[in-house]
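Each chain is listed here by its residues.
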Amino acid sequence: MGLLISDFGFRIVGSFNFKLIAFVQSCNLLLPNSKHAEVAESAIRNPQSAIKRMSLLKKLAGETAIYGLSSIVGRVINFLLVPIHSRVFLEGEYGVSQKLYAVVGIAMVFLTFRLETAYFRFGTDATDRERSFGTALTTLLVATGIWLALGLAFMQPLADWLLMPDRTDLVLMVLAILALDVLAEIPFARLRLEKRPIRFASIKIAGIMTNVLLTLAILVWWRSHPSFAVFGGTYNPAFGIGYVFLANLMGSVVVLALLLFDAFFKKSKPQVSAPLDAPIATASKLRLQFDAVLFKKMALYSAPLVIVGLAGVADETLDRILQERLLPGTLEENQATMGIYSAGYKLTVILALFTQAFRYAAEPFFFAHAKNKDAPELYGQVAKFFTLISALGMLFVLLYLDAFQYILGAKFRGALDAVPVVLLASLFLGIYYNFSTWYRLTDRTMWGVYISLFGLAITVFFNVLWIPTLGYMGSAYAKLLCYGGMMVAGWYFGQRYFPVNYPLGRMALYVGLAVGLYFVAEALAQWAGYSFALKMVVNTVLLVAYLGVAWRLERRSLAALK
C-alpha cells in the first residue's frame, strides 16, 4: 500500500502537461475571487510559463521519488527491526536507546553548524561549488576533531548527565557515530546539489544494509549461538542495546567511506538532469581547501539556522527526554513508558518518509528557482500536492493502525492512542516546511529563529505542564500545538516578505477530509462492533473514497498525461 501511495503521488505531481482552465479550477478552487482572477489572467496571458511550471513540478516529483526510494527502503528495512528490538530488549533498554538517538539528533544540528544549507546557498553557482564544498568540509573536519577530543575527555560526566553512569561504552559509540555522520553531511549535500539522487540513494542504502545485516547477525544468530567466538569474544548479554549502536557505527563507517571516495576520487555526470533553466556542472573530483572570506559569509548565513535546527530537533525529541524526568513513576518506570511511547511513534514512519524525501529534493530545487518570476505560483502548487499526498499517508496509517500494531511486541502497544495526534502534528510540520522556505530564499534566516523559538516555547511549556498529569499524551498534544503554531506563523510572516499564492482552501480540504474519514471509521467501528477483517474492508472503502475525491478534483490535470 505504501507503494500505491508513492505511485499515486508521483502521478499527481508529475502528470501535469497542463490545461489552462483545469489549472485555475482545480488548484485554486477556494481562493478569493481576486486571486482566481490573478492566477487565471497570468495563465492565459503566458501559457508557456504555466507549462514550464508544470514541467518543473514533474522534475521535482521525479527527484522526490528517487530520494523517497532510499528513504522508503531504508526506513522499511529499519522498521523490520522494530519487532526484533521490541522482543529482545526490555522497555527500559529500548527507551534508553531512543533517548540516546534523540541526543544524537540534537547534537547533529549543532555540530554541523547547518553548513549544508549554507552550501546550497553559496554553492548553487557551479563556479563557487568547489570552494564552498572544501570550505564547509574543512570546517567540519576541524570542529569535529575538537569536540570529539572534548567528548572523550568528559565521557564519564556525559554518562552521568544522561542518567547512565555505568554505560560509558554507549557514550563512546554515540560520540563516534556523531563524528562520522557530521562529516557525511556536506558530501551528501553535494550529491543533492548536483542532482545525483541515484548515487545519494545507493550510498544511503549501503549504510542502512550494513547496519541492518549486522543487527540481524548479532541479535538473531549470534544471540542464539552465544558461545561462538567473534574476534576472540563471545556474545555478551550484558552489552545488550550496545550491539544496536555497534551496528549503527559500522554503517556510518561504510557511508562516510563511500562518500569521500565519490567526492575526491570519482568523476561522473549528474544522474538526473537539472530543472530546465537551472544549469548544473558536471560532478568532478574535489579537493580539500579553505576560503576564509567565504567561510565568514557561510557562517553568518548559517548561524541563525543552527538555532532553527536545534529548536526543530528539540521539538521532535525533547518530549522523550522530559518524560524520563517528569513522569510520576520511578526512573525505571519512566524509561519503560518512554520506550513504549517511542515504539508507538515509529508507526508514523510513512509520513516521515515522504516528508524527508520531499525535503531532500525540494531544498536545492527551491534555491535553484528562487529568482524565477513564476516561483510564487510554482511553490504554491508544490505545497498543495505535498498536502494531498501527506494527508493520504496519514489516513492510510490511521485506517490500518489495528494491523500495524502487531509489528510491535505486545508490551509496546500501549501508546497507540497517541499515534493519530502525532501523525496530524507531523503533517502540520511538513506543511510548515513548505511555508517557511521564504526566509532561506530571502536571507532572512533570523525569522526562522523567531518562529523556531516560538515552537520550542510551546513544546517546553506544554510538555512540562501536561506530562505529569496526562503522561505521554501530554507530549503528543504539545507536539500538535507546536507544529500547528509554527505552520500558521510560517505562512503569515512569509506572505509579508515572499508572497506565494498557496491554495489554502484546497489544502485544508485534503487535511479535513483525511481527519473526517478517520473519525467516520472509528464511529462506524464502535457503532457496528464488526470483526477485524470487516473493519479492514470498511476502512479500505474509506481510503478509496479519499482517492476518489482527490481524483475528482485533479482529474483534468491527470487526464492531460497521455
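Since the structure is predicted, the reported quantities are computational estimates derived from the model, not experimental observations.

About the cut-offs
Residues numbered from 1 in each chain as written. Predicted model: local features only at pLDDT ≥ 70, side-chain atom pairs only at ≥ 80, totals over all residues. Heavy atoms only, no water. Helix = DSSP H or I, 4+ residues; strand = E, 2+ residues; numbered from the N terminus. Buried < 20%, exposed > 50% of the residue type's maximum accessible area, 1.4 Å probe, protein only. Contact = heavy atoms within 4.5 Å. Areas by Shrake-Rupley, 256 points an atom, 1.4 Å probe, with all protein chains shown as cover. Phe/Tyr/Trp six-rings, centres within 6.5 Å; stacked < 30°, edge-to-face > 60°. Lys NZ or Arg CZ within 6 Å of the ring centre and 35° of its normal. Salt bridge = Lys/Arg side-chain N within 4 Å of Asp/Glu carboxyl O. Expected span 1.5 Å × (residues − 1). Patch = residues over 30% accessible without salt bridge, like charges linked within 9 Å, V, L, I, M, F, W, Y side chains within 5 Å. pLDDT = per-residue confidence, 0-100. Axes fitted to C-alpha atoms, helices over the stretch in contact; angles between N-to-C directions. Parallel < 35°, antiparallel > 145°, perpendicular 65-115°, else oblique. Left-handed = near helix turned anticlockwise from the far one by under 90°. Nonpolar A, V, L, I, M, F, W, Y, C, P; charged D, E, K, R; others polar. Bend = angle between axes of the 7 residues up to and from the residue.

(A) Inspection of the overall build of the protein chain at higher detail. When helices and strands are tallied, the protein chain shows 23 helices and zero strands. Sorting the 562 residues of the protein chain into buried and exposed places 56% on the buried side. Sequence separation of at least 24 residues holds for 83% of the intrachain contacts in the protein chain that already meet a minimum separation of 6. As displayed, the protein chain has an accessible area near 23,000 Å², and 69% of this comes from carbon and sulfur atoms.

(B) Unusual backbone geometry, seen in detail. At Leu163, a residue that is not glycine, the phi angle is positive and equals roughly 60°. The phi dihedral of Asp443 falls on the positive side, at around 60°, and the residue is not glycine. Checked against the element boundaries, Asp443 lands in the loop between helix H19 (437-441) and helix H20 (445-470). The exposure class assigned to Asp443 is partly exposed, which follows from its relative accessible area of 39%.

(C) The packing of aromatic side chains, seen in detail. Tallying each qualifying case throughout the model produces 30 aromatic pairs. Ring centres of Tyr510 and Tyr546 lie 6.3 Å apart, and the angle between their planes is 55°; this geometry places the pair in the tilted category. Note that Tyr510 is positioned in helix H22 (residues 504-528) and Tyr546 in helix H23 (residues 532-559), a separation of 36 residues in sequence. An identical accessibility class is assigned to Tyr510 and Tyr546; each is buried. Taken together, Trp438, Tyr439, Trp447, Tyr450, Tyr492, Phe493 and Tyr497 form an aromatic cluster joined through their ring pairs. Above the ring of Tyr345, the side-chain terminus of Arg320 is found at 4.4 Å from the ring centroid.

(D) View of the pattern of salt bridges. Evaluation of the coordinates by the stated rule reveals 14 salt bridges. Asp319 serves as the salt-bridge partner of Lys479, at 3.3 Å between the closest nitrogen and oxygen. In this pair, Lys479 sits in helix H21 (residues 472-497) while Asp319 sits in helix H13 (residues 292-326), placing the two residues 160 residues apart along the sequence. Summarising the burial analysis for this pair, Lys479 and Asp319 share the class buried. Ionic pairing is found between Lys535 and Glu522, a salt bridge with its closest N-O pair at 3.9 Å. With a gap of 13 residues between them, Lys535 in helix H23 and Glu522 in helix H22 connect regions that are remote in the sequence. Through salt bridges that share partners, Arg190, Glu194, Arg196, Arg199 and Asp262 make up one connected network.

(E) Up close: the side chain of Glu116. Of note, Glu116 is situated in helix H7 (residues 115-123). When residues no more than four places from it in sequence are discounted, the contact partners of Glu116 are Glu185, Ile186 and Ala189.

(F) Structural view of helix H16 (residues 375-399). Taking 1.5 Å per residue, 25 residues should reach 36 Å; H16 reaches 36 Å between its end C-alpha atoms and fits that length. Within H16, 24 of the 25 residues are buried, which leaves it mostly tucked inside the rest of the structure.

(G) Structural detail: a nonpolar patch on the surface. Nonpolar side chains collect at one region of the surface, where Val142, Ile146, Leu150 and Phe154 lie side by side and expose about 400 Å² of accessible area between them. Topologically, Val142 is positioned in helix H8 (residues 126-153).

(H) The confidence of the model for the protein chain, seen in detail. Predicted confidence across the protein chain gives a mean pLDDT of 79, with 78% of residues reaching 70 or more. Scored below 50 in pLDDT, residues 1-45 makes 93 contacts in the model with residues more than four places away or belonging to other chains. Scored below 50 in pLDDT, residues 270-284 shows 51 contacts in the model against residues more than four places distant or in partner chains.

(I) Region of interest: the packing of H20 against H21. Two numbers describe how H20 lies on H21: the axes approach to 8 Å, and their chain directions differ by 160°. Between H20 and H21, the interaxial angle falls into the category roughly antiparallel. Between H20 and H21 the crossing geometry is right-handed. Residues of the contact of H20 with H21, tallied by class, amount to 18 nonpolar, eight polar and one charged.

(J) Main features of the environment of Tyr483. Mapping Tyr483 onto the fold places it in helix H21. Relative accessible area serves as the criterion here: at 2%, Tyr483 is assigned to the buried category. Considered as a pair, Tyr483 and Ser452 are 31 residues apart in the sequence and their alpha carbons are 9.7 Å apart. For Tyr483, the contacting residues outside a window of four places in its chain are Gly312, Asp315, Glu316, Ala425, Ser426, Phe428 and Leu429.

(K) Seen up close, helix H10 (residues 168-193). Taking 1.5 Å of rise per residue, 26 residues should cover 38 Å, and H10 covers 38 Å from first to last C-alpha, within 8% of that figure. The axis of H10 is deflected most strongly, by about 30°, at Glu185, and proline Pro187 appears within four residues downstream. The element H10 is largely enclosed, with a buried count of 20 among its 26 residues. Residue Lys195 follows H10 closely and has a positive phi angle near 55°.

(L) The packing of H16 against helix H18 (residues 419-435), seen in detail. Where H16 contacts H18, the axes come no closer than 10 Å and their chain directions differ by 170°. In terms of orientation, H16 lies roughly antiparallel with respect to H18. Viewed along their axes, H16 and H18 form a crossing whose handedness is right-handed. Residues Val382, Ala383, Phe386, Thr387, Ser390, Ala391, Met394, Val397 and Leu398 of H16 form the contact with H18, whose participating residues are Pro420, Leu423, Leu424, Leu427, Gly430, Ile431 and Asn434. The residue inventory of the contact of H16 with H18, partitioned by class, reads twelve nonpolar, four polar and no charged.

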